[in-house]
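# Structural features, examined
Below are the chains, spelled out letter by letter.
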Amino acid sequence: MSGDLNAEPESDILDIYGDGGAEGLSDDKEAQTLVEEFKNFSSDAAVKKVKEDIDTLDHVTLNIGVTGNTGAGKSSFVNAIRGLSNDDEGAADTGVTETTMTPTPYPHPTMPNVTIWDLPGIGTPNFKAKMYLSDVHFERYDFFIILTSERFKENDINLAKAIKQKKRLFYFIRSKIDNDINAENRRRDFNEERLLDKIREDCKKNLSSVGKPQVFLVSSFNLNDYDFNRFMDSLEKELPEKKKHALILSLPVYSLEALDRKKKHLQKMIWLTAFGSGAIAVVAIPGLTVPCDYGIIMSFLESVFRSFGLEDTSLQRLATRVRLNWKDLKAEIKSRFKDGVTTDAVTSLLATPSMASIMTLKGLMSGIIPFMQLPAGAISVAVIHYLLNKGLNEMENDAKSVLEKARLHQV
């Protein structure tokens, strides 16, 4: 596959942009703010601020506290949202007895700024209900997940009330739903949806004293089943933007829906990255007629590569989980990034655009910002926006092929 935009017709740009690039910008408040900053400030000042915003996003921390009674499946859930199997290196210990005796941090395998904490069950000998939040250092966590594999107990309810009083987010997860399904599916009158509705209603009734909390039914071994995606929808709506960024990038790619969620978020991030490139040439790219910030482009593409689970360690973990040879999964990566986000791969992506392409991109930008108000770096912003979308699309196709090979491509 050639990375030379001279060989790519104008229609290729329009295919990527669809309606001309404005889609996603008109209802994206952050991108609109960036446009206003470029209108009202000098390019240097605007670029500096955007770079500061990007740096903040890259370093934001996210701490998730996972708690529940003995046997609720906390450790398996902690492993699942880190993309690990229970027997992977670095996985949280699992067992039928209480294996978590102190708050235990588990850093994300590819995003060390994201940490999932396996918390001792409330009411265990060393963690009495009355002092629980103090003992586990409540202020450390951005939100709490309260798990149970049965009915939520009085301690769970009291914990939720205490968290609510302190104005921190919390979510109830009913775990091991696959076990419930397996236990009931031999009945002649078995109906899966009816059983799931019954479990949900029982949980809500049990939790009525907390208000009207949402309850999510989850299997740690099949995240794409049941309510995990609905749980992610709630987190996207309720978490602060910067925390949401860290969460979405850290989640494993377990289905096409999970991949699409990541892509939509990354498309918004492309605006930030493109405006951050501005008109400043930090490193001259051979053959690129429009100046840009090579480092910021490289960093974004590396983030996409990791988030889509295309690096070798993620492929190895996935292969173990689906019982395939990891090299068979790696063979599905056929884009210019098959060997990673290398200098050669990025340079090929940044090959010289034709004049027709530049004029098309200028037209796209004038559709977003009135032509007479185009900032000095508008052409650079448009080119980088196009190129990053192109790289994102290539990696998305690779990730889809990997999911299909792993038989995880069902929505």
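Preceding this paragraph is the structure being described.
The structure presented is a predicted model; accordingly, all values stated were derived computationally and were not measured.

### Considerations on the packing of helix α7 (residues 177-184) against helix α8 (residues 192-206)
Where α7 meets α8, the closest approach of the two axes is 11 Å, and the angle between their N-to-C directions is 130°. Regarding the angle of α7 to α8, the classification is oblique. Considering only the axes of α7 and α8, their crossing is right-handed. In this structure, α7 contributes Ile 177, Asp 180, Ile 181 and Glu 184 to the contact, and α8 contributes Glu 192, Leu 195, Leu 196 and Ile 199. Class assignment of the residues belonging to the contact of α7 with α8 gives a composition of 5 nonpolar, no polar and 3 charged.

### Topic: the pairing of strand β1 (residues 62-68)
Of all 7 residues in β1, 7 are buried; the element is thus mostly enclosed. Side-chain alternation along β1 places Leu 62, Ile 64, Val 66 and Gly 68 on one buried face and Asn 63, Gly 65 and Thr 67 on a second face that is also buried. Here 5 bridges tie β1 to strand β3 (residues 114-118), and the two strands are oriented parallel to one another. Residue pairing in the sheet places Val 66 in a bridge with Asp 118 of β3. As defined by bridge partners, β1 adjoins strand β4 (residues 143-148) across 5 bridges and the pair is classed as parallel. Among the inter-strand pairings, Val 66 is bridged to a residue of β4, identified as Ile 145.

### Some details on the packing of aromatic side chains
Working definition: an aromatic ring pair is given by the centre-to-centre distance plus the angle between the planes. Applying the stated criterion to the full structure yields 10 aromatic pairs. Consider the rings of Phe 170 and Phe 172, whose centres lie 5.7 Å apart with planes at 85°: the pair is edge-to-face. Considered together, Phe 170 and Phe 172 belong to a single accessibility category, that of buried residues. Ring centres 5.6 Å apart and planes at 75° place the aromatic pair Phe 228 and Tyr 254 in the edge-to-face group. Taken as a pair, Phe 228 in helix α9 (residues 228-238) and Tyr 254 in the loop between α10 (241-250) and α11 (256-277) lie far apart in primary sequence, 26 residues in all. Across this residue pair, the class does not change: Phe 228 and Tyr 254 are buried. Ring pairing ties together the aromatic residues Phe 143, Tyr 171, Phe 216, Phe 228, Phe 231 and Tyr 254, which thus form one cluster. The ring of Trp 117 is capped by Arg 140, whose NZ or CZ atom sits 4.0 Å from the centre of that ring.

### A short note on the sheet that holds β3
Taken in spatial order, the 6 strands make up an open sheet running β2-β3-β1-β4-β5-β6, and their pairing is mixed. In the strand order of this sheet, the two ends are held by β2 (104-107) and β6 (215-217), each with one partner. Strand-to-strand, the axes of this sheet are offset by a mean angle of 25°, without reference to chain direction. Sheet topology note: the β4/strand β5 (residues 169-174) ladder contains 6 bridges and is parallel. Note that in β5 the partner of Leu 147 across the bridge is Ile 173.

### A closer look at the pattern of salt bridges
A side chain with one charge may pair with a side chain of the opposite charge, provided their charged atoms come close. If you walk through the whole model with that rule in mind, you get 16 salt bridges. A salt bridge links Asp 202 to Arg 151; the shortest N-O distance between them is 3.0 Å. Residue Asp 202 is located in helix α8, and its partner Arg 151 is located in the loop between β4 and α6 (154-165); the two are separated by 51 residues in the primary sequence. A relative accessible area of 30% means that Asp 202 is categorised as partly exposed. Of the charged contacts in the structure, one is a salt bridge between Arg 187 and Asp 189, with a shortest N-O distance of 3.3 Å.

### Focus: the pairing of β5
The buried fraction of β5 is high, at 5 of 6 residues. Pairing of β5 with β6, which is carried by 3 bridges, proceeds in the parallel orientation. Each residue of the ladder has a partner; that of Arg 174, found in β6, is Leu 217.

### What to know about the environment of Met 111
Tracing the chain through its elements places Met 111 in the loop between β2 and β3. Owing to a relative accessible area of 13%, Met 111 belongs among the buried residues under this scheme. Residues Met 111 and Leu 247, spaced 136 residues apart in sequence, show a C-alpha to C-alpha distance of 9.8 Å.

### So, the nonpolar core
Ranked by size, the top nonpolar core spans 77 residues in total, and within it Phe 77, Ile 145, Phe 228, Phe 231, Leu 301, Phe 308 and Met 395 carry the most contacts. When residues of this core are assigned to their parent elements, the largest contribution, 11 residues, is made by helix α17 (residues 378-405). Once you skip the residues sitting within four places of it in the chain, Phe 231 turns out to touch Phe 77, Ile 145, Tyr 171, Ile 173 and Phe 216. In terms of nonpolar packing, the next biggest core, distinct from the first, is built from 27 residues, Tyr 132, Phe 144, Leu 207 and Val 215 among them.

Cut-offs and rules
- Note on numbering: residues in each chain are counted from 1, in written sequence order.
- In keeping with the predicted nature of the model, local features appear solely for residues at pLDDT of at least 70, side-chain atom pairs appear and are counted solely at 80 or more, and the whole-chain, interface and lining totals rest on all residues.
- No hydrogens and no water enter the side-chain calculation; it runs on all heavy atoms of the structure.
- Fitted lines through C-alpha atoms give the axes, limited to the stretch in contact for helices. The angle between two N-to-C directions lies from 0 to 180 degrees.
- Secondary structure elements are defined from DSSP: runs of H or I of at least 4 residues count as helices, runs of E of at least 2 residues count as strands, and each element is numbered from the N terminus.
- Here is the rule for angles: anything less than 35 degrees is roughly parallel, anything more than 145 is roughly antiparallel, 65 through 115 is roughly perpendicular, and the remaining ranges are oblique.
- We call a crossing left-handed when the near helix sits turned anticlockwise from the far one by less than a right angle, and right-handed when that turn is clockwise.
- Only heavy atoms matter for contacts: two residues are in contact if any of them lie within 4.5 Å across the pair.
- Each residue receives one of three labels: charged for Asp, Glu, Lys and Arg, nonpolar for Ala, Val, Leu, Ile, Met, Phe, Trp, Tyr, Cys and Pro, and polar for the others, Gly being one of them.
- Throughout, exposure labels follow a simple rule: accessible area from a 1.4 Å probe, protein chains only, divided by the maximum for the residue type, with under 20% read as buried, over 50% as exposed, and the rest as partly exposed.
- Only when DSSP finds a minimum of two bridges between them are two strands counted as paired.
- Two rings from Phe, Tyr or Trp (for Trp, the six-membered ring) form a pair when their centres are within 6.5 Å of each other. A pair whose planes differ by under 30 degrees is stacked, one over 60 is edge-to-face, and the rest are tilted.
- Geometrically, a charge over a ring is one whose NZ (Lys) or CZ (Arg) sits within 6 Å of the ring centre while staying within 35 degrees of the ring normal.
- Put simply, a salt bridge is a Lys or Arg side-chain nitrogen that is within 4 Å of an Asp or Glu carboxyl oxygen.
- Residues belong to a common nonpolar core when they are buried Ala, Val, Leu, Ile, Met, Phe, Trp, Tyr or Cys residues joined through side-chain atoms within 4.5 Å.

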